[in-house]
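Report on the structure
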Amino acid sequence: MIKSLPPLSYKQCVQLLICAFYILLPFNWTLTLASENIEAEAMLLIDGQAAEEAAAEAAEKAAEEAAEAAQKAAEQAAQEAEEAAEEAAEQAVERAAEEAEQAADQAVEQAAQEAEEAAEEAAEQAAEQAAEEAEQAAEEAAEQAAEEAEQAAEEAAEQAAEEAEEETEEAAERVAEDAEEEAGDESDYKFSSEKQKNYIANLSAERIRILDESFRENGIEAIDNEMLVLTDDDAELNIQSGNYKVEEQIYLEGLDLVLTRIRTPEDVKISRSLKEVSQNLEKGDVDLNHIYELESDELPKTDTVFKDTGFSSADTLSSDQTAYIKLGLIDTQINQTHSALINQHIITKDFVPYEGVRPEIHGTSVASIMVGNEPEIFSGIISDATLYTASVFFTMPSDKVAATTESLILALDWLVQQNVPIINMSLSGPENKLLEIAIARVMEKGIIIVAAVGNSGPNAPPLYPAAYEGVVAVTAVDNDHQIYLRANRGHHVTFAALGVDILAARAGGGYHTQTGTSIAAPFVSSILANLASTTQNHAYLQKLKENTIDLGPPGFDNIYGYGLIQAEIE
């Protein structure tokens, strides 16, 4: 079997041809042409080898250039790929962020919705449970409260009945005694009428009540949701609305008037309520239950003995003259156990219908200036006179010491029944139509009202009751006859009296100095009460005007009135 030879290389083929040439040389003549051809072919082969080498070099060079180009292309492609990758990454991040934000919003909305639904469901369940528990607790509390209220009501009713019976009996006894004492005088007022018995019964039944809130408007204070009506005895009180409630009606024996206290609707302005009730009145008037304040300033304690303070006149207030003098005082409660008052002729009555402490400082001081007496220590102006004191002030929940229009009218009615010729009112407040009516009715009976002008300053508007027509309005001066700087002024000022650093009894014992127009007022009241016991037909008031010391501009003026009153104090 003939095996195939391996292929010859280019160089081997050339060598083989050359050998064959020399072998065949003898056959030159036949082979010339062939040799030429062979030589040509050999040359071609040589040229082909060179071309191959050149091609190889060219190929190598091309390969190198291709490699370089490929490397450059690869680098450029890598750069472009990197840039494309970065751009793709940024776009992917943005798309991912947007998709995440949308997913988050959807998740929040879904969570909120689910939370709202869960909260509503929980709230409904809690409300149902709370309602059931509250209903059960309310039923238990109502049962317990009903039992306690029933028991307390029974106890309170028994106690109130006992107290009312005792108080009514005591009041009836006092009325009978007073009526018996006054029976010989036709001008005195009787206490035995059926109306007066009802009046006493009403006072007993409505003795104390809790103070509701007060309100202040434009500087004027009054009891909230309450009004007062003052009418003639035969007047009809027509209240059309069921929202108004008549709390109390009292017949005033001394004034021959009926005082009605009305509770107004809480959701209606008080001004509208006043207008509605006023339109339905046949006779009388309606106003707020205003609040009034005291008019004095307490100064540091002193133990100086009370001395002559500068009064001088032919009118000497001796014991013989003052033994039968009566005068009235509307003020705070007084301390009758004080050494200057314990042995004096003092009759007191409380007209405060509210809970609260009854202060004693102011009333004790004023009463001591009028009728106080502690031998060799202190002496008032008319120490042997009988003083009727009506307590109208109490301490409000705000710690303010105040009196109401209602208490003032009741006090005036009682003092009229005591036949006092002079009533001292060392207090001030807003204008009130009902108080004006009551004071006018008092003055119609020949009784003089003396009031402090107030301590609000020289530029302050007039205060009441001092500014009512016919009231004797008193201002204060010091020992040098200089006006008290805080005293009110105006054409209503009637007299001036000492009212600065005046020694007076202190409620807690001992003595202290007091200043204010309310301390000056009792000087005028005491002098007038003394003159009233010796002078007829109110000539004593004119007599006092004619014997004053003229201060300030000549004649009557808005600061001192007719001037400083005169009297000698023993």
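This section reports on the structure supplied with the text. Once a new chain begins, its residue numbering starts again from 1 and follows that chain's sequence as written. Whole-chain, interface and lining totals are the exception, using all residues; otherwise, since this is a predicted model, local features are given only for residues with pLDDT of at least 70 and side-chain atom pairs are given and counted only at 80 or more. Hydrogens and water are ignored here; the side-chain numbers use all heavy atoms of the structure.

**A closer look at the packing of aromatic side chains**
Any two of the Phe, Tyr and Trp rings considered here, Trp counted by its six-membered ring, make a pair once their centres fall within 6.5 Å; the pair's planes then place it as stacked at under 30 degrees, edge-to-face at over 60, or tilted in between. Within the structure shown, the criterion is met by seven aromatic pairs. With 5.7 Å between their ring centres and 50° between their planes, Phe351 and Trp414 make a pair best called tilted. With a gap of 63 residues between them, Phe351 in the loop between β8 (345–350) and α6 (361–371) and Trp414 in helix α7 (residues 405–417) connect regions that are remote in the sequence. The two residues Phe351 and Trp414 agree in class, both being buried. Residues Phe495 and Tyr562 carry aromatic rings whose centres are separated by 6.2 Å and whose planes lie at 45° to one another, so their mutual orientation is tilted. A residue pair is termed long-range when its members are at least 10 positions apart, and Phe495 in strand β18 (residues 493–498) and Tyr562 in the segment after α10 (539–546) qualify at 67 residues. Relative accessibility under 20% of the residue-type maximum defines a buried residue, over 50% an exposed one, and the middle range a partly exposed one, all with a 1.4 Å probe and only protein chains included. Overall, the relative accessible area of 0% leaves Phe495 in the buried class. Going along the chain from the N terminus, every DSSP run of H or I of four or more residues is numbered as a helix, and every run of E of two or more is numbered as a strand.

**Focus: helix α4 (residues 270–279)**
Owing to its 3.6 residues per turn, the α-helix aligns residues three or four sequence positions apart on the same side. Along α4, the residues that are buried comprise Ile270, Ser273, Leu274 and Val277. Along the axis of α4, the buried positions cluster into a sector of 100°, meaning they face one direction only. Turned more than 90 degrees off the buried face of α4, the exposed positions are Arg272, Lys275 and Gln279. Contact partners of the buried residues in α4: β1 (214–217), β2 (220–231), β4 (257–263) and β5 (285–294). Note that the arc is defined by the directions from the helix axis to the C-beta atoms. Should any heavy atoms of two residues lie within 4.5 Å, those residues are counted as being in contact.

**Describing the nonpolar core**
We call a set of buried residues a nonpolar core when its members are Ala, Val, Leu, Ile, Met, Phe, Trp, Tyr or Cys and they connect through side-chain atoms within 4.5 Å of each other. Of all hydrophobic cores here, the largest spans 50 residues; its most connected members are Val450, Val524 and Leu528. Contributions of two or more residues to this core are made by β7 (326–331), α6, β16 (448–452), β17 (472–477), β18, β19 (502–505), α9 (517–532) and α10. Broken down by element, this core gets its largest block of residues, ten residues, from α9. If sequence neighbours within four positions are ignored, Val524 has contacts with Val450, Val472, Val474, Phe495, Ala497, Leu544 and Ile565. If you look at the next biggest cluster of nonpolar residues, it comprises 42 residues, including Leu410, Val416, Val420 and Val442.

**Considering the sheet that holds strand β14 (residues 422–425)**
Pairing between strands is defined by DSSP: at least two bridges between the two strands are required. Taking strand neighbours across the sheet as the criterion, the seven strands line up as β8-β11-β7-β14-β16-β17-β18 in an open arrangement whose pairing is parallel. Of all the strands in the sheet, just β8 and β18 have a single pairing partner and so form its edges. Taking each pair of neighbouring strands and ignoring which way they run, the sheet shows an average axis angle of 25°. Sheet topology note: the β7/strand β11 (residues 386–391) ladder contains six bridges and is parallel. Bridging across to β11, Leu329 finds its partner in Thr389. Each of β7, β8, β11 and β14 is contacted by α6, which is oriented at about 160° to β7, the strand it contacts most. Of the strands in this sheet, β7, β8, β11, β14 and β16 touch α7, which is tilted by about 170° from β7. Where helices are involved, their axes are fitted lines through C-alpha atoms of the stretch in contact, as for all axes, and angles between N-to-C directions lie from 0 to 180°.

**Looking at the packing of α6 against α9**
It is at 9 Å that the axes of α6 and α9 come closest, and there the two elements cross at 35°. Between α6 and α9 the crossing geometry is right-handed. Contact residues: α6 offers His362, Val366, Ile369 and Met370, while α9 offers Ser518, Ile519, Pro522, Phe523, Ser525 and Ser526. Residue polarity follows a fixed list, in which Ala, Val, Leu, Ile, Met, Phe, Trp, Tyr, Cys and Pro are nonpolar, Asp, Glu, Lys and Arg are charged, and the others, Gly among them, are polar. A class-by-class count of the residues in the contact of α6 with α9 yields six nonpolar, four polar and no charged. Crossings are sorted by hand: turned counterclockwise from the far helix by less than a right angle, the near helix makes the crossing left-handed, and turned clockwise it makes it right-handed.

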